Amino acid sequence: MSVKTLTPLTTGVDEYNVEKIRKDFPILAQTIHGKPLVYLDNAATAQKPQAVIDSIVEYYTSMNANVHRGVHHLSEVSTKAFEDARIKIKEFINAKSESEVIFTRGTTEAINLVAASYGRAFLKEGDEIILTGMEHHSNLVPWQLIAKEKQLKIKIIPVDDNGELVLDDLENFFTEKTKFAAINYVSNSLGTINDVKKIIDTSHLHSVPVLLDAAQTVNHLEIDVQKLDCDFLAFSGHKLYGPTGIGILYGKKSLLDSMPPYMGGGDMIAKVTYSESTYNELPHKFEAGTSNIADAIALGAAIDYVKQIGLEAIAHHENCLLEYATAELLNLEGLKIIGTAKNKCGVISFVFDTIHPHDVGTFLDFEGIAVRTGHHCTQPLMHRFGIPATTRASFAMYNTKNEVDILINGLKRVIKVFK
Amino acid sequence: MNEELRELYQQVILDHNKSPRNFKKLDHHNHFAEGYNPLCGDKIDVYVQIEDGIVKDISFQGTGCAISKASASLMSSLVKGKPVAEAEILFEKFHDLITGKTADENALEELGKLAVFAGVKDFPTRVKCASLAWHTMQSAIKNETSTVTIEE
């Protein structure tokens, strides 16, 4: 990756004020082992601004009631707040209609929903599914499950030494048996931003629907599902500064309408007799049972907060940190960056020639630095690079250049101990 | 270095990590097991040659952190030449040590060189690192050939 000169950060209106932003995240003020917390594990989950915390408190303090059920006041209030959150998400990803926005527990459940519902209804023995070599286990294992059930074939788009997808002969991946593609948008392990538009367009030439795993994308890049023309898109709230336990499945209405329900229960039905049922309309058809109402509303608050800072400004800030960290890390003895794609965001993974990531992680923890060490739920990708694990630093809107310096100094100490 | 950290990464551990003993494939082994820690991707192959109930020779290969590598190295040094039953008892004592169940100073003394792993008990996430080689050794001497996946 080339290292550009850092330009001043502006949001267009106000100057990007990282210290002011940090004050919105109460967790960042604490110390770990006596050192100020340096939270660089944002690709695992981002911290939550006060606005999101307040939203949850407010919901349970003054609004809690089940949605879409009662005629009483609180039920109306909570239903409105829940559906307003859906509209915020619809606008955030520019879906055509809020009926295309389904609340799930997270990215994993969203992908499982599509694999199970679409897979059982429309895929048959001998059909082929295309995935990439950098899928998170959550966009691999659900497809393996349905592949086993239906005797499907999984084809993997390979990853080159820089951590980019090899798309030169993409066309050759498609046969008349290719019936679905599920593609990682931004790699959680490498930070690579994949050329998903090319994959979507090629897939559509072959009438193959595409699901995008955008778990690692929504907090860095603006998403317009209509422009992308993806058929499904999945993401989690917790990487977007929202709560855990809430995620989104976007799907094109025509596809969602054609798919059978994933789970049965309350709220997803229209008429029920002892022998059969008819199903509710979208999006409720895929939201059986009482939803995670409080966290859906808080995800709406997270989106409001992100919009207020500006996703473009956040991305610019994170890219500056990424460039700075990349240049500084490369000065360290025996360090190799895994994932050197031209287009990257938010994530930097590295290994040392003689120091294991777990030892690095434990030492950094004592410096107050939180990084992720391990295979990042991408074991096949680690295997592809011939390594068991990496140390990964990942950036968010509230990280600073000073925190990168603390990381580098921490790593220098680790190197000294293991020399 | 922080005191707790120094306790975990004692010089003996750093030395064994840097120059692990018995780090090779044993050509004439009659027992073998593969250990795997799915949490961190650590893998270890343990080769054992058992004759008349005695661990005649033992070696290991694999990838892992300093704790797991040093543990494998010390395990192989200590188990070599011991009756199989003693090796198993040693593992029990070692396991008590790293999970904080070792009763007193006397018990610690019995562990000899293994006492350097006492610091592990303060790092619950690293207990698996320290025990992987031992679990795998135990599986090898029982002649279980399948992969050991440890769940502490």
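1. Considering unusual backbone geometry
All names here are of chain A.
Turning to step 1, where the next piece is worked out: In this model, Leu282 is joined to Pro283 through a cis peptide bond whose omega is -5 degrees.
Turning to step 2, where the next piece is worked out: For Pro283, the position within the fold is in the loop between strand 12 (277–279) and helix 9 (293–309).
Turning to step 3, where the next piece is worked out: Of note, Asp229 is a non-glycine position whose phi angle comes to about 65 degrees, a positive value.
Turning to step 4, where the next piece is worked out: Summarising the element assignment, Asp229 is placed in the loop between helix 7 (225–228) and strand 9 (232–236).
Turning to step 5, where the next piece is worked out: Non-glycine residue Cys377 carries a positive phi angle of around 60 degrees.
Turning to step 6, where the next piece is worked out: Locating Cys377 in the fold gives a position in the loop between strand 16 (372–374) and helix 12 (379–384).
Turning to step 7, where the next piece is worked out: Of the residues examined, Cys377 has 18 C-beta atoms within 10 Å and is grouped as partly exposed.

2. Some details on the sheet that holds strand 9 of chain A
Residue and element names in this part refer to chain A.
Turning to step 1, where the next piece is worked out: The strand order 4-10-9-8-7-5-6 describes an open sheet built from seven strands, whose pairing is mixed. The open sheet is flanked by strand 4 (101–104) and strand 6 (153–157), the only strands paired with a single partner. Ignoring strand direction, the axes of neighbouring strands in this sheet form an average angle of 20 degrees.
Turning to step 2, where the next piece is worked out: Summarising the sheet, strand 4 and strand 10 (residues 247–251) pair through four bridges and their orientation is antiparallel. Across the sheet, Ile102 pairs through a bridge with Leu249, a residue of strand 10.
Turning to step 3, where the next piece is worked out: Contacts from helix 4 (residues 107–122) reach strand 4, strand 7 (178–184), strand 8 (210–213), strand 9 and strand 10, with the element oriented near 35 degrees to strand 10.

3. Quick look at the pairing of strand 8 of chain A
Each regular strand displays side chains that alternate between the two surfaces of the sheet.
Residues and elements named next belong to chain A.
Turning to step 1, where the next piece is worked out: Residue alternation in strand 8 divides its side chains into two sets, Val210 and Leu212 and Leu211 and Asp213, and both sets are buried.
Turning to step 2, where the next piece is worked out: Of the strand pairs in this sheet, strand 7 and strand 8 are connected by four bridges, and their pairing is parallel. When the bridges of strand 8 are listed, Ala182 appears paired with Leu211.
Turning to step 3, where the next piece is worked out: Following the backbone out of strand 7, through helix 6 (residues 196–205) and into the adjacent parallel strand 8, one traces a crossover that is right-handed.
Turning to step 4, where the next piece is worked out: Two strands pair when backbone bridges link them, and strand 8 and strand 9 are joined in this way by three bridges, in the parallel orientation. Within the sheet, the bridge partner assigned to Asp213 lies in strand 9 and is Ala234.

4. Some words on the packing of helix 10 (residues 311–329) of chain A against helix 13 (residues 401–418) of chain A
Residues and elements named next belong to chain A.
Turning to step 1, where the next piece is worked out: Axis separation between helix 10 and helix 13 bottoms out at 10 Å; the angle between their running directions is 25 degrees. Regarding the angle of helix 10 to helix 13, the classification is roughly parallel. Note on packing geometry: the crossing formed by helix 10 with helix 13 is right-handed. On helix 13, the residues touching Leu321, Tyr324, Ala325 and Glu328 of helix 10 are Lys401, Val404 and Ile408.
Turning to step 2, where the next piece is worked out: Residues that form the contact of helix 10 with helix 13 fall into these classes: five nonpolar, no polar and two charged.

5. Thoughts on the pairing of strand 9 of chain A
Residue and element names in this part refer to chain A.
Turning to step 1, where the next piece is worked out: Burial analysis of strand 9 places five of its five residues in the buried class, which makes it a mostly covered element.
Turning to step 2, where the next piece is worked out: Where burial is concerned, the two faces of strand 9 agree: the one with Phe232, Ala234 and Ser236 and the one with Leu233 and Phe235 are both buried.
Turning to step 3, where the next piece is worked out: Pairing analysis gives five bridges linking strand 9 to strand 10, with the strands arranged antiparallel. Within strand 10, the residue paired with Phe235 across the bridge is Ile248.

6. Re the domain arrangement of chain A
Residue and element names in this part refer to chain A.
Turning to step 1, where the next piece is worked out: According to the domain assignment, chain A consists of domain 1 (18–32 + 310–418) and domain 2 (53–307).
Turning to step 2, where the next piece is worked out: Taking only C-alpha atoms, the centre of domain 1 and the centre of domain 2 are 28 Å apart.
Turning to step 3, where the next piece is worked out: Taken together, the contact between domain 1 and domain 2 spans 22 residues of the former and 21 residues of the latter.

7. Describing the confidence of the model for chain A
In low-pLDDT regions, the fine details of the predicted coordinates are not to be read closely.
Residue and element names in this part refer to chain A.
Turning to step 1, where the next piece is worked out: Here chain A shows a mean pLDDT of 94. Residues at 70 or above account for 97%.
Turning to step 2, where the next piece is worked out: Counting interchain partners and residues more than four positions distant, the pLDDT-below-50 stretch residues 1–6 has ten contacts.
Turning to step 3, where the next piece is worked out: Per-residue pLDDT stays below 50 along residues 8–13; that stretch engages in 13 contacts with residues further than four places along the chain or on separate chains.

8. Brief notes about the sheet that holds strand 16 of chain A
Residues and elements named next belong to chain A.
Turning to step 1, where the next piece is worked out: With respect to topology, four strands assemble into an open sheet ordered 13-14-17-16, the strand pairing being antiparallel. This sheet does not close on itself; its edge strands, each paired only once, are strand 13 (335–338) and strand 16. In this sheet, neighbouring strand axes are inclined to one another by 30 degrees on average, regardless of whether the strands run parallel or antiparallel.
Turning to step 2, where the next piece is worked out: Taken together, the four bridges between strand 14 (residues 347–352) and strand 17 (residues 390–394) define a ladder with antiparallel strand orientation. Looking across to strand 17, one finds that Phe350 is bridged to Thr391.
Turning to step 3, where the next piece is worked out: The sheet strands contacting helix 11 (residues 357–365) are strand 14, strand 16 and strand 17, and the helix crosses strand 16 at an angle near 155 degrees.

Reading guide: rules and limits
- Residues numbered from 1 in each chain as written.
- Chains lettered and ligands numbered in written order.
- Predicted model: local features only at pLDDT ≥ 70, side-chain atom pairs only at ≥ 80, totals over all residues.
- Helix = DSSP H or I, 4+ residues; strand = E, 2+ residues; numbered from the N terminus.
- Buried ≥ 20, exposed ≤ 12 C-beta atoms within 10 Å, placed from the backbone.
- Pairing = 2+ DSSP bridges.
- Axes fitted to C-alpha atoms, helices over the stretch in contact; angles between N-to-C directions.
- Contact = placed C-beta atoms within 7 Å.
- Right-handed = clockwise from strand over helix to strand, strands pointing away.
- Parallel < 35°, antiparallel > 145°, perpendicular 65-115°, else oblique.
- Left-handed = near helix turned anticlockwise from the far one by under 90°.
- Nonpolar A, V, L, I, M, F, W, Y, C, P; charged D, E, K, R; others polar.
- Domains from an automatic or database assignment.
- pLDDT = per-residue confidence, 0-100.

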